[in-house]
Amino acid sequence: MTLSLHQNALSESYREILIGLGENPDREGLQDTPVRAAKAMQYLCHGYDQSVEEIVNGALFASDTDEMIIVADIELYSLCEHHLLPFIGKAHVAYIPTGKVLGLSKIARLVDMFARRLQIQENLTRQIADAVQQVTDAAGVAVVIEARHMCMMMRGVEKQNSTMNTSVMLGAFRESSTTRQEFLQLIGRSK
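In this text the structure is predicted, and so the values were computed from the model without any measurement. (Residues numbered from 1 in each chain as written. Predicted model: local features only at pLDDT ≥ 70, side-chain atom pairs only at ≥ 80, totals over all residues. Heavy atoms only, no water.)

Looking at the UniProt feature "binding site: Zn(2+)" (unreviewed entry) in the protein
UniProt marks Cys80, His83 and Cys151 with the feature "binding site: Zn(2+)" (unreviewed entry), using the numbering shown here. Spatial clustering of the annotated residues is evident: they stretch over 72 residues in sequence, but the largest pairwise C-alpha distance comes to 7.4 Å. Along the polypeptide, histidine 83 turns up in the loop between β2 (69-80) and β3 (86-96). By relative accessible area, which is 35% here, histidine 83 ends up partly exposed. Those residues in contact with histidine 83, other than ones at most four positions away along the chain, are Cys151 and Arg155. Position of cysteine 151 among the secondary structure elements: in helix α6 (residues 150-153). (UniProt positions renumbered as here; feature names shortened; annotations may be inferred. Helix = DSSP H or I, 4+ residues; strand = E, 2+ residues; numbered from the N terminus. Buried < 20%, exposed > 50% of the residue type's maximum accessible area, 1.4 Å probe, protein only. Contact = heavy atoms within 4.5 Å.)

Focus: the packing of helix α1 (residues 5-20) against helix α2 (residues 33-44)
Where α1 meets α2, the axes come as close as 8 Å, and the angle between the chain directions of the two elements is 120 degrees. The angle between α1 and α2 places the two elements in the oblique class. Between α1 and α2 lies a crossing of right-handed hand. In this structure, α1 uses His6, Gln7, Leu10, Ser11, Tyr14, Arg15 and Leu18 to contact α2, whose residues at the interface are Thr33, Pro34, Val35, Ala37, Ala38, Lys39, Met41 and Gln42. Class assignment for the residues of the contact of α1 with α2 results in 8 nonpolar, 5 polar and 2 charged. (Axes fitted to C-alpha atoms, helices over the stretch in contact; angles between N-to-C directions. Parallel < 35°, antiparallel > 145°, perpendicular 65-115°, else oblique. Left-handed = near helix turned anticlockwise from the far one by under 90°. Nonpolar A, V, L, I, M, F, W, Y, C, P; charged D, E, K, R; others polar.)

Examining the side chain of histidine 149
By the element assignment, histidine 149 lies in strand β6 (residues 140-149). On the basis of relative accessibility, which here comes to 13%, the residue histidine 149 falls in the buried class. A polar contact is formed between the side chain of histidine 149 and the side chain of glutamine 121, at a distance of 2.7 Å. With sequence-adjacent residues up to four places away left out, histidine 149 is seen in contact with Pro86, Phe87, Gln121 and Met164. (Polar contact = N/O pair within 3.5 Å; in protein donor to acceptor, adjacent residues only side chain to side chain.)

This is the structure we're talking about:
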């Protein structure tokens, strides 16, 4: 099996981690684990190899609509930059267009691109909002993320039922409580 330089370096690092844990990386069940773990980590962090421009790829379309557009319940999977443990959740993204709309799948792809980097949820929320604002030049952008963090569930305080919620409101969503409230109601976060 031919590995890239990065995969080979990662694989060697995982081998050293196994040894550091007191394991024998040459035993049958672990022989291929360093290579598999290296490939998995590269996949989980492939957002570093993407850019906003590549993701959007010209998928902006002229539109007369000036009403709120929401893409809700976008599942996301990321790795906590502090412990390299997963956090899993969903993002709700809204924007108010000003003459152009973004292809529907591009919103989910932007969420994935930023989530597939070592992250903290607070920064992830901001990065998504800023990217949508940059691409669409919208009158306002709102992003809410709700996620469960394995670094809090599997270690440390071991709280199994906790969820972290973060939000970023830009433009009309920040300036108008009515617009913000409409968004929150539509995603089921307010009564």
